[in-house]
Amino acid sequence: MNCDKHPEREGVASCIICGRILCEECRLKLAGKNYCQSCADKLFQERSGEPVKGKGMGLGAKILIALLIILVVLALVSYLIYTVYLAPYYGSAENVMRILMNDPERIIRFLSANI
């Protein structure tokens, strides 16, 4: 078999990652194993912590970011409701939390009437 990059040259090895046939010039021997240039580059990028080209964010990371954005928006809305409507009438956040735990309908009725 001939080299994938140099078809006029005889292949002497194959890349252990992608299986490409390599001539003596193309073969990179690292720790006794044969690699092509592109697989060796990817291997070094992964080990050095650099992002590998072509790999995007995974689905799990996208879901986590979306959940964090939703939580931040909910926290901001809750804070605005407290500061604009509840704090002037009920006072401290501790007092509002105590009322929410004991009589949540009181806060709901108040907000329904005032928003």
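Residues numbered from 1 in each chain as written. Predicted model: local features only at pLDDT ≥ 70, side-chain atom pairs only at ≥ 80, totals over all residues. Heavy atoms only, no water.

A. Highlighting the packing of aromatic side chains. Per the stated rule, a full pass over the model turns up 3 aromatic pairs. With 4.6 Å between their ring centres and 20° between their planes, Tyr89 and Phe110 make a pair best called stacked. On the criterion of sequence distance, the pair formed by Tyr89 in helix α2 (residues 59-90) and Phe110 in helix α4 (residues 104-114) is long-range, its members being 21 residues apart. For Tyr89, a relative accessible area of 54% translates into the label exposed. (Phe/Tyr/Trp six-rings, centres within 6.5 Å; stacked < 30°, edge-to-face > 60°. Helix = DSSP H or I, 4+ residues; strand = E, 2+ residues; numbered from the N terminus. Buried < 20%, exposed > 50% of the residue type's maximum accessible area, 1.4 Å probe, protein only.)

B. A look at unusual backbone geometry. Look at Ala31: it is not a glycine, yet its phi comes out positive at around 55°. Note that Ala31 resides in the loop between β3 (28-30) and β4 (33-35). Relative accessible area serves as the criterion here: at 81%, Ala31 is assigned to the exposed category.

C. Focus on the layout of surface pockets. Of the pockets and cavities examined, the largest pocket occupies roughly 200 Å³. In terms of lining residues, the largest pocket is bounded by Cys3, Asp4, Lys5, His6, Arg20, Ile21, Leu22, Glu25, Cys26, Cys36, Gln37 and Ser38. Looking at the lining of the largest pocket, the elements that each hand over two or more residues are β2 (21-22) and α1 (37-48). (1 Å grid on protein atoms, 1.4 Å probe; cavity = no way out; pocket = protein on both sides within 12 Å on 5 of 7 lines; lining within 4 Å. Points joined across faces, edges and corners; volume = space filled by probe spheres on them.)

D. Fine view of α4. Every buried residue of α4 is accounted for by Ile107, Phe110 and Leu111. For α4, the arc enclosing every buried residue in end-on projection is 95°, short of the 170-degree limit, so these residues lie on one face. Away from its buried face by more than 90 degrees, α4 exposes Glu105, Ile108, Arg109, Ser112 and Ala113. Of the surrounding elements, those touching the buried residues of α4 are α2 and α3 (93-102). (Arc of directions from axis to C-beta. Contact = heavy atoms within 4.5 Å.)

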